[in-house]
Amino acid sequence: MEFPKENFSEWYQEVLASAEIVDNRYPVKGMLVWRPFGFAIRKHVTGLLRELLDETGHQEVLFPTLIPETSLDKEAEHIKGFGGEVYWVTYGGKSPLDVKLALRPTSETAMYPMFSLWIRSHADLPLKIYQIVSVFRYETKHTRPLIRVREVSTFKEAHCALRTEEEAEEEMKIIDGVYKAFWTELGIPFLRVQRPSWDKFAGADKTIAFDTIMPNGRTLQIATSHRLSQKFSKAFNVVYEDENGEQKYAYLTSHGVSERAIAALIGVHGDNRGLVLPPEFAPVQIVIVPIIFKGKEDIVMKKAKEIYDKLVVNWRVKLDDSDSNPGDKFYYWELRGVPIRIEIGPRDIQNKVLTISRRDNLEKVQIPEDRLLDELNKLAEEIHENIKKRAMQEFKRKIVVAKSLDEIKKSDNKPVVIKAPLCEDWEECGKKVEDQISKEFRGIDLDDKPEGEKCVVCGKPAKYYGVWSNAY
Ligand code: P5A
C-alpha cells in the first residue's frame, strides 16, 4: 500500500495513525496519545535538545503546572495575548478556589516569582534554566496533531535572566546556535525570521522564529526565541544588586520548541511508503528480515540471530521473526521509517554476503558479511547526509525570490514561500504587500540580505528580504 504524499494533509494523518505515532481519537479535542513508537521518536529528539542545552550551560528544572491568576495577570501585554487561551482550574474538590489557577499556557509567569526570590546579587546571574513539560492552550484555530494541539506535551522552554542588554543579546545568539545545531541534525531546513511587532510573543520586544516549509508549501513555525528586556522583571520585581551596590532589573529571554519538531521530521522527510527517519532518531535503526525457505529455516534463523547479537551492542536493531511473509515485513518497517534493512536468505549465507536495503532511496546493495560493521557505520552516515541534502533541495525549490509586486502576485497562489526586498521600514511595507495578496507577512529573513536592490513597495534602497507565506 502506498501513501500518496501529493495530498499532504491526508498523508500526514494517515502516516501518524498507521505508523502508530500518536492516536488522535482521545476524547478531548486537541489532546492526543503518544503511542510507544511515537514516544520513542520523541525521546530521541528531546534527548538531542537536552544535550545541546546542557552543553551550553542551561540546567533542567521542573515547575508546577498550575499558575495563580495573580501571577498570570501581572504583565499586562502577556495576559492580553494569552488571556483568551487559558484553561482555568476553579474548584478543589467541591470548594470553589479563592484564587483561580491557570493550567500554564507557558511558564514565564510561573518562573518569575521564583526568579525574584532566587536572584539577589550580580553573582546569581546569569540564570539559565529549561524544562520539557506540557502546556495548555485553548487554541481556537483548527487543531492538528503535533502541529496545533491544546495540550502541547513536548514543550521545551528555556528561560534566562541576564545582567545587561548585551548579555541578553548574547544569550539570544547562544540559543540561536543551539537551535541551528538541532534543526541541522534533524535535517530540517529553516528560515530564521524576525517577526513584525504585531506577531511578537505577548510581552516580548523582539521575537525571532525558525520557520520550516512543509510539503504543501505552508510554513511551520518550529521554534521561537524572545527578548523580553525588562518588562517582566519590572512586573515581577526580578532585581539584582550590581558591583556598585545599585539595584537593577534583570534582562529576561525565553525560548521554545514543541512537538512541531516531530511533525516537521515526519512531514519533511517522509515519502509514499511512510516515514523516512535519520538513523539517530529512528526507534529501530536496523531490521533483520530472515528470508525463510522450506528446509532451510534452521540455518537462516541461526545466521539471523548471530547477526542480531553482533549488532545489538551498538545499534537499535530488531530481528523480525514473526510469522508474516517477507513482503509484509518490508512494508511494515518501511512505513515506520527504519533506515536499514538486512535480508538474510540461504543463498546469501552460502556466498557469505548480506543484502542491505536503504529506506531513504530504496537502493539495495550486497556486502561481504565480514565487513558488515564498518559498512553499517558508513551507510548510516550516508543516509543521514542524503536525507538532509534532499530536504534542503526541496526547501530551496519552495522559495521564490520576487523583485516586484507583480512578481509577488504571480506566485501568490502557488504553494511556495515568497521572499522580496524591503526597505528599513520593513514592517510598514511588508504589511502593505500582505494587504494585496493572500499570503501572510512573516517578517524579515535574518540570514540573507539584498544587495543593490529596491524595496518592492516604496522603491527606497532595500535592507532586508521580507517573507510571505501561508502558515500553519
Ligand atoms: C518561549 C518558551 C513561548 O511560549 N515561552 C516559553 C515562549 N513561545 S511560543 O512562540 O508561544 O511557543 C513556542 C513554540 O511552541 C510551538 N507551539 C505549539 N506547538 C504545538 N501546538 C501548539 N498549540 C503550539 N503553540 C506554540 C511553536 O513552535 C512555538 O514557536
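A few points on the structure.

Cut-offs applied
Residues numbered from 1 in each chain as written. Predicted model: local features only at pLDDT ≥ 70, side-chain atom pairs only at ≥ 80, totals over all residues. Heavy atoms only, no water. Helix = DSSP H or I, 4+ residues; strand = E, 2+ residues; numbered from the N terminus. Buried < 20%, exposed > 50% of the residue type's maximum accessible area, 1.4 Å probe, protein only. Contact = heavy atoms within 4.5 Å. Polar contact = N/O pair within 3.5 Å; in protein donor to acceptor, adjacent residues only side chain to side chain. Near = heavy atom within 4 Å. Pairing = 2+ DSSP bridges. Axes fitted to C-alpha atoms, helices over the stretch in contact; angles between N-to-C directions. Phe/Tyr/Trp six-rings, centres within 6.5 Å; stacked < 30°, edge-to-face > 60°. Lys NZ or Arg CZ within 6 Å of the ring centre and 35° of its normal. Core = buried A, V, L, I, M, F, W, Y, C linked by side-chain atoms within 4.5 Å.

1. Brief notes about the environment of Thr 355
If you trace the backbone, Thr 355 turns up in strand 18 (residues 353-358). On the basis of relative accessible area, Thr 355 is assigned to the buried category, the value being 10%. Contact partners of Thr 355, with chain neighbours within four places excluded, come to Arg 341, Ile 342, Glu 343, Asp 348, Lys 364, Val 365 and Gln 366. Side-chain polar atoms of Thr 355 contact the side chain of Asp 348, separated by 2.9 Å. A distance of 3.3 Å separates the side chain of Thr 355 from the side chain of Gln 366, its partner in a polar contact.

2. Brief notes about the site of the ligand
The local shell around the ligand holds 23 residues, among which Thr 106, Glu 108, Glu 139, Gln 221 and Thr 224 are the closest. The separation between an oxygen atom of the ligand and a polar side-chain atom of Arg 137 is 2.9 Å. Every element with two or more residues in the shell around the ligand is listed here: strand 8 (151-162), strand 11 (219-229) and strand 14 (251-257). Of the residues forming the shell around the ligand, the biggest block, five residues, is contributed by strand 11.

3. Comments concerning the sheet that holds strand 21 (residues 417-422)
Taken together, the eleven strands give an open sheet; going across it, the order is 3-7-8-14-11-10-9-22-23-21-20, and neighbouring strands pair in mixed fashion. Edge positions in the sheet fall to strand 3 (59-60) and strand 20 (399-401), since each of these pairs with one other strand and no more. One ladder, built from nine bridges, connects strand 7 (residues 127-136) with strand 8; its direction is antiparallel. Along strand 8, the bridge assignment pairs Gln 131 with Glu 157. Those strands touched by helix 6 (residues 165-186) are strand 7, strand 8, strand 9 (191-194), strand 10 (206-213), strand 11 and strand 14, and its axis lies near 10° from that of strand 14.

4. Regarding the packing of aromatic side chains
A complete count under the given rule lists 17 aromatic pairs for this structure. Centre to centre, the rings of Phe 8 and Tyr 12 are 5.8 Å apart; their planes meet at 35°, and the pair counts as tilted. Taken together, the residues span about one helical turn, with Phe 8 and Tyr 12 both in helix 1 (residues 8-18) at a distance of four residues. By the burial criterion, Phe 8 is buried, and Tyr 12 matches it. Here the aromatic cluster, defined as three or more aromatic residues joined through ring pairs, consists of Phe 63, Tyr 112, Phe 115, Trp 118, Phe 232 and Phe 236. One cation-aromatic arrangement involves Arg 42 over Trp 34; the distance from NZ or CZ to the ring centre is 5.6 Å.

5. Focus on the nonpolar core
Ranked by size, the top nonpolar core spans 56 residues in total, and within it Leu 146, Phe 182 and Trp 183 carry the most contacts. Every element with two or more residues in this core is listed here: helix 1, helix 2 (36-55), strand 7, strand 8, helix 6, strand 11 and helix 8 (260-269). The contact partners of Trp 183, leaving out residues within four places of it in the chain, are Ile 188, Phe 190, Phe 210, Ile 222, Ala 223, Val 257 and Ala 261. Membership of the second largest hydrophobic core comes to 26 residues, among which are Ala 110, Ile 129, Leu 228 and Val 238.

6. Looking at the pairing of strand 14
Of all seven residues making up strand 14, seven are buried, and the element is well covered by its neighbours. With burial as the criterion, each face of strand 14 is covered, one bearing Tyr 251, Thr 253, His 255 and Val 257 and the other bearing Leu 252, Ser 254 and Gly 256. Note that strand 8 and strand 14 share seven bridges and pair antiparallel. The residue bridging Cys 160 from the neighbouring strand is Thr 253, located in strand 14. In the sheet, strand 11 pairs with strand 14 via six bridges, with the strands oriented antiparallel. Paired with Thr 224 across the bridge in strand 14 is Gly 256.

7. Quick word on the environment of Leu 186
Within the secondary structure layout, Leu 186 lies in helix 6. Expressed as a C-alpha distance, the spacing of Leu 186 and Phe 8, which sit 178 residues apart in the sequence, is 20 Å.

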